[in-house]
Amino acid sequence: MIAIEFRFTAGQYHATPWGRHVNEGDVEWPPTPWRVLRALIAVWYQRADTQRYPKETLASLIETLAEHLPVYQLPPAVHTHTRHYLPTKYRDTTLVHDAFARVSSSDKLVMAWPELTLDGDMLALIRHLVEKLTYLGRAESWVAAQLLTDWDGTPNCYPAVFDSTTSNRTHATQGVSLLTPITARDFDEWRGRLPQGGRGQPIPPETLLDALSLSTGDLQKGRWSSPPGAQTVLYLRPEDSLNGYRSVRTAPRANSFNVARFALGGNPSLFPKWTDAVVLGDLLHIALMGTSDNAVAPSISGRDANGEVLAANHRHGFCLPEDADGDGYIDHLLFVSRNDFLESVLKAIYCLNDRQKLWTPERWSGRQREWPIRLELLGHTDRPSSLRAADGEVVPLLEHARVWTSITPYFHPWHAKKHGRFGAEEQIRREISQRGLPEPLEVRVLTTTPINGERPAGGGEAGKCYTVRDFRRRRPSHPGQTAPDKFGSFLTIEFPIPITGPLALGFACHFGLGLFQPKH
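What you are looking at is a predicted structure, and each value in this text was computed from that prediction instead of being measured. (Residues numbered from 1 in each chain as written. Predicted model: local features only at pLDDT ≥ 70, side-chain atom pairs only at ≥ 80, totals over all residues. Heavy atoms only, no water.)

A. Structural view of the pattern of salt bridges. Summed over all chains, the structure comprises 16 salt bridges. Across the pair arginine 35 and glutamate 28 runs a salt bridge whose closest N-O atoms are separated by 2.6 Å. For glutamate 431, the salt bridge goes to arginine 435, with nearest N and O atoms at 3.9 Å. Pair check on accessibility: glutamate 431 and arginine 435 agree, each one buried. Residues participating in the shared-partner salt-bridge network are Arg261, Glu322, Arg374 and Glu376. (Salt bridge = Lys/Arg side-chain N within 4 Å of Asp/Glu carboxyl O. Buried < 20%, exposed > 50% of the residue type's maximum accessible area, 1.4 Å probe, protein only.)

Structural data, given as structure tokens:
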């Protein structure tokens, strides 16, 4: 068994995940195997005894480490950032976010290869390199590291393929994609499949060690969209691994809730159409805001005490429409938050239930419409038994499934690049990664979507296929707000492991657009 113990002596770990811009505010946690191996290679070039440990020994060590996926024991950490206004040549300033993980300087992060045994020159070399490691990630991420050969701790971050053998885990997990090297054999096979001598084709590095040694400039010069010899592997880490220094709760309290489901009443023929999904999501949001005290809870408003938008991980509430019977009309509304409802949120929910109606302001449509509304259930996504509807089935939008399909159009939240780059599929993969969800196996674009999934026609408009143009795409309370995406799309997403709903992505996802439902 081989393990490396890291202590971040300055209490900070600065590293931006591959493929992310620094201003996205994301932080790589834990340090990826790709980054750690590159750090060891850099130490060999800069400070190692290359006479005693030649390059051939380094190549053998790197290839051996690449044969095995490591596991981690992560200390408590906080995802935070600082802001800097840097001057430009145009005598203006530009805002730059510096995101990092704040870690106690006394806490230790352990990266271990449980099935790996080294001896001889390779063991001596890795000990030599680890002891000379002074930083990991950016230069301000000072680190003190040492090699362990007898570590017997319990990992809390490991590849998802190990999860089936870790049945005794006591913490809730979330998926995160880590950049790892492929094996030397896979690298040689991949290199042999590349076109040789083609005009405009990048020249692949000779060995896995050479691939790990490429600088950012080399990658850009070679026009590599991703580092050669790298792959992404889904890892599972504690759900609150970047949410502060607090103990991990093994299960939600029996009296905690993060789901509220409201039922619309009255004449079903007067229910709003499914194509008005974003309108009803906006109405629920406004109704909850109106029932709150002067200090509106951030999970309802989506803004912090300073009025700034809570964008990190979309932890504020989702106001989602639901067509439970599949007739093409909205009959339920959901308010779902990833965090447990605070007392102020519960007060707003109960107050809305006491008012017993949901209405549209007259200025929206020229005449006021209203629907009776009642609180049908309070539950928690970690307690599926608390999410069962009147028919005994789990609310469809909150099921646990691998394959999800659009029931309202997805509008990507960022501007696409020229020549069709960074389109719907690329953006949805980035969003999924930012949410901490596993990387999809497949993202398939559809042309239409049946109402509420693939329910058979049973009356009304059930079974009708809608196009993007059939749906409203603007919130009535923000008529001037438009998405970077002018066309929209429907998608089917397949994940490697089941995830728990709701799944809503893209522009106005907190109000019913970009809504997905399990595909059975």
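Right, picking up where we left off after that structure.
B. Expanded view of helix H1 (residues 33-47). For H1, built from 15 residues, the straight-helix expectation of 21 Å at 1.5 Å per residue is met to within 8% by its first-to-last C-alpha distance of 21 Å. Those residues of H1 lying buried are Pro33, Trp34, Val36, Leu37, Ala39, Leu40, Ile41, Val43 and Trp44. (Helix = DSSP H or I, 4+ residues; strand = E, 2+ residues; numbered from the N terminus. Expected span 1.5 Å × (residues − 1).)

C. Region of the structure containing the sheet that holds strand E3 (residues 71-73). Across the sheet, 4 strands lie side by side as E3-E6-E1-E7; this open sheet has antiparallel pairing. Only two strands of the sheet have a single neighbouring strand rather than two, namely E3 and strand E7 (144-148). On average, each strand axis in the sheet is inclined to that of its neighbour by 20 degrees, with strand direction left out of account. Strand direction decides the pairing type here: strand E1 (residues 2-7) and E7, joined by 5 bridges, are antiparallel. Residue phenylalanine 6 lies in a different strand from E7, and its bridge partner there is alanine 145. Lying on the sheet, helix H3 (residues 120-131) is in contact with E1 and E7; it crosses E7 at an angle near 160 degrees. (Pairing = 2+ DSSP bridges. Axes fitted to C-alpha atoms, helices over the stretch in contact; angles between N-to-C directions. Contact = heavy atoms within 4.5 Å.)

D. Just the pairing of strand E22 (residues 515-518), in detail. Both faces of E22 are covered, namely the face carrying Leu515 and Gln517 and the face carrying Phe516 and Pro518. For strand E16 (residues 400-406) and E22, the ladder comprises 3 bridges, and the chain directions are antiparallel. Among the inter-strand pairings, tryptophan 404 is bridged to a residue of E22, identified as proline 518. Across 2 bridges, the pairing between strand E21 (residues 503-504) and E22 is antiparallel.

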